[in-house]
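# Structural characterization, general
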2 protein chains.
Amino acid sequence: MAAMPVATLPVALDAMGGDRAPRETVAGAVAAVRDHGIPVLLVGRVGELEPLVRALGGPLPGLALLDAPETVAMEEHAVAAVRRKRRASIVVACQEVREGRAAAVVSAGNSGAVVAAAIFVLGRRSGIERPGIAIPFPTSDGTPCYLIDAGAVVDPRPPVLLGYAELVTDYLRQVRGLARPRIGLLNNGEEPGKGNALARESFALLSAAQDVNFIGNVEANVLALGAADAVVTDGFSGNVALKSAEGAAALFQSVLRRELTRSWHDKLVAALLRPAFRRVARSLDYREYGGAPLLGVRGTVIIAHGRSDAHAITRAIVAAQRSVVPIEVTGSKKEPVDDVPPAPS
Amino acid sequence: MAAMPVATLPVALDAMGGDRAPRETVAGAVAAVRDHGIPVLLVGRVGELEPLVRALGGPLPGLALLDAPETVAMEEHAVAAVRRKRRASIVVACQEVREGRAAAVVSAGNSGAVVAAAIFVLGRRSGIERPGIAIPFPTSDGTPCYLIDAGAVVDPRPPVLLGYAELVTDYLRQVRGLARPRIGLLNNGEEPGKGNALARESFALLSAAQDVNFIGNVEANVLALGAADAVVTDGFSGNVALKSAEGAAALFQSVLRRELTRSWHDKLVAALLRPAFRRVARSLDYREYGGAPLLGVRGTVIIAHGRSDAHAITRAIVAAQRSVVPIEVTGSKKEPVDDVPPAPS
C-alpha cells in the first residue's frame, strides 16, 4: 500500500466502458487509488461494481461509486445512444465533471460515444468547431508524438485542422511543458504543394498561423521517429496511421517470436534475454502512454484503448490527473468547468 | 555463375533511377543476369554505365545497354519533366516496352515520373481511368498483402477505387494464381457506413461489383495481419499506411537494438541469435517483395523503392519477369504491347 489519496477532486472513470470492463476498469481504479493516491469515482452499475471492489479488498478511502444503470455498446450509433441514454455511464461521468464534482473523465468505451457525451455534456471550447482525439505515438526516446485527429472527425474542413494545431500546441505547452511544440501536417510527401485538397489547403492555413510552430508537411514515419511533437490530420488518415503502425508492430513481434522459438538452442538463448525483451515491449506499449486526450471540449477527457487492461486504465487515470492540474493552474482559454450551466435533466 | 539467360525479351531497367543509381542499379542488373538468367537492358547514360559494368566483370551475354542521356530528378515536377525530356531513361525504357523490344520496365526513380512516363508512353488499359501503384505489404506468412493505391492518385473519385479492385483482382489471379482474391476497402472501422465520403461511396460500388470478391471495410492493421489479399484506398491514405508501418518497424528495430546492447551480457547472448535475427529482418524486408507493380497501364511496370540497393533491384527484376509471363500466357484484358501505335517522336 502506497500513499493515501490527497484531498482533491476524483477522476471519474466510466467503469462500464471497454472490452474488458468492468473487471479490468475496477482493478485499474483500485491500483490508481492505492499506488498513486489518486481519488477515483467509479461510474457504472453499482450492483456489478461493488462485488468487484470488495473482491479486491475494498471499500477503500478515495474510491467512490456512482450509479449509472445504462451503457453504450461498441456497435451502437454513438450520437443517438448518448442522446437517448441520459443515465449511461459515460454521460454521468461527464456530468460529474461539468458539475465540478470530478476533475476529469477516463473511458475505454465506444470512442464515438465518449466524443458525443463530452460535446453534449461538457460543450466545446470557445472558437473550436470540432474536438479531436490526440493519440500519443510511441517514439524511441519515450516522448510520445501526438497524432490529432485519430478518429473523431473523418471529413473535416481545413480550419478544423488549424484548430487541432492550436489545441495540441496548447496541450503540449501546458501539460508537457514544451515551449514551442513542433507541429507537422500529415502528408504524402514533404514538399509544399503535396497532398490531397484538404492537405494543400490546410498547409496554407497552418503556414499563416501566428501561434503555431508549423514545421511543414511530414510523412507518417515521422510519428515513430519523433521529428515532430504533434502531427495534425483528418480522423480517417489518423486512424489509418495508427492502425497501420499497430499492425506493423504486431507483425514484427509475431515474426520475432516465431524465429526465436524455431530451435531449442534459440529458445534457451532467447530466455536469457527476457529482461531486455520486456524492456522493448514496455517502451513500445501504448498502455504506458495513458490514453488519448480529447482536445477541444470544456474539461479533461482521456480516451483509453478499447482493449485496456487494469494497467492501461491505471495509466490513463494517472494521465488524466496530470493533464488536469497544469491547465487549471496556468489559466488556459478553457472556461472553468463549474461556470458551465447544467444541462436540463 | 548460374544459368545463362534464356532467349526471351529483356527487362528494361531505368539505370539512372533511385537514390543509389547507377552503381546499385548496375550491380542489381548484373546479379539478375548472372544468378537468375534474366536478360536485362540497362537504360541510361552509357558513358557512366559501361565502366560500372566492366568493374563487375562485364560485358555479359544477356546484359545490353541503351543510351538515354537525360534523367528526371526526385524533386522535379514529374509530369512536366516527362513531357519535356523525351530521352530521359524512364521514358526510353517505357518506349522499349511499347516497341516490343523489352518485356517490362523496372525503375527506382521518382515514382511520379514513372507513372507519368508509363501513362504517356504505354497508355492506360482500356476502361481504366487512373492507374494505381500496388505496394506489397509484408505479412507473417510471407504472402504479401497488396495495397493499391500507394501514391499515384491522391484525390480519386469512387470509380477509381473500383477500378483498382478490378485491376488487383486480375493481377493476383494471373500473377499470384489466386482464384478469388479477397479485396478489402481501407477504412477507419469495419462496420458498413464507416468512413469519409470517398470510402462510403466506394463501399457501395465495391459491394455491387460482380467480378470482385469484396470482403468489406478493413482497418489498416489488416495489411500486416494478412486477412485480405489486397486493400484498395486513395493514394494519400495508402502513403500514410505505408509510411506509418515503415516508421513502426524502424522504431521496433531501433529499440530492440538499443535494449540488446545495453550490457555486455546481453550483447554476447544476442550474438548467438544472429541467424534468427537475420531471418526476422529478411521476412520483413520490403526488398524481398520485389517492388510495386503499376497496375492499369499497357505493359508491365515495377516501381522499386527509391532507396533500393543492388539486392532490391535484382528482386524487382525477378518480380518484373514473373509478372509478365502469366499475363501474356493467360490472355488478360491487356492489349499486346506491340499493337499499340508508336508515340510521335
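I will try to describe carefully the structure that is included in this document.

Calculation criteria
Residues numbered from 1 in each chain as written. Chains lettered and ligands numbered in written order. Predicted model: local features only at pLDDT ≥ 70, side-chain atom pairs only at ≥ 80, totals over all residues. Heavy atoms only, no water. Pairing = 2+ DSSP bridges. Helix = DSSP H or I, 4+ residues; strand = E, 2+ residues; numbered from the N terminus. Axes fitted to C-alpha atoms, helices over the stretch in contact; angles between N-to-C directions. Contact = heavy atoms within 4.5 Å. Least-squares fit on C-alpha atoms with pLDDT ≥ 70 in both. Buried < 20%, exposed > 50% of the residue type's maximum accessible area, 1.4 Å probe, protein only. Buried area = accessible area lost by both parts, 1.4 Å probe. Polar contact = N/O pair within 3.5 Å; in protein donor to acceptor, adjacent residues only side chain to side chain. Nonpolar A, V, L, I, M, F, W, Y, C, P; charged D, E, K, R; others polar.

Right, let's get into the sheet that holds strand S1 (residues 11–14) of chain A. Neighbouring strands of a sheet are bound in pairs by backbone hydrogen bonds; such pairs are parallel or else antiparallel. All names here are of chain A. Pairing is mixed in the open sheet, where eleven strands are placed in the order S3-S2-S1-S4-S11-S10-S5-S6-S9-S7-S8. At either margin of the open sheet sits one strand with a lone partner, and together these are strand S3 (63–67) and strand S8 (213–218). Taken over all neighbouring pairs, the strand axes of this sheet differ in orientation by 25 degrees on average, direction set aside. Two strands pair when backbone bridges link them, and strand S7 (residues 182–186) and S8 are joined in this way by five bridges, in the parallel orientation. Looking at the pairing, Leu186 lines up with Val218 of S8. Here helix H4 (residues 89–98) sits on the sheet in contact with S1, strand S2 (40–44), S3 and strand S4 (104–107), set at roughly 160 degrees to S4.

Further remarks concern the relation of the copies chain B and chain A. By a simple turn and slide, chain B fits onto chain A: the slide is 0.0 Å along the axis, the RMSD is 0.0 Å, and the turn is 180 degrees. When the rotation and shift are considered jointly, the pair of chain copies conforms to a two-fold rotation axis. Measuring from the rotation axis to each C-alpha of chain B, the shortest distance belongs to B:Ala245, at 2.3 Å.

The subject of this paragraph is the pairing of strand S6 (residues 145–148) of chain B. Residues and elements named next belong to chain B. Side-chain alternation along S6 places Cys145 and Leu147 on one buried face and Tyr146 and Ile148 on a second face that is also buried. Relative to S6, strand S5 (residues 132–137) runs antiparallel, the two being bridged by four bridges. Each residue of the ladder has a partner; that of Pro136, found in S6, is Tyr146. As defined by bridge partners, S6 adjoins strand S9 (residues 230–232) across three bridges and the pair is classed as parallel. When the bridges of S9 are listed, Tyr146 appears paired with Ala230.

Residues and elements named next belong to chain A. Inspection of the secondary structure assignment puts Arg262 in the loop between helix H9 (235–260) and helix H10 (264–272). Given the relative accessible area of 54%, Arg262 is considered exposed. On a C-alpha basis, the gap between Arg262 and Ala250 in space is 19 Å, while along the polypeptide they are twelve residues apart.

The next thing to look at is the interface of chain B and chain A. With 53 residues of chain B in contact, the opposing surface of chain A contributes 53 residues. In total, about 4700 Å² of surface goes out of reach between chain B and chain A, with carbon and sulfur atoms giving 70% of it. Per-residue buried area on chain B facing chain A is highest for B:Phe236, B:Leu251 and B:Phe252; these three make up 15% of the total on that side. For the pair chain B and chain A, the number of links is 14 residue pairs in polar contact (both at pLDDT 80 or more). The residue makeup of the side of chain B that touches chain A, split by class, is 29 nonpolar, 15 polar and nine charged.

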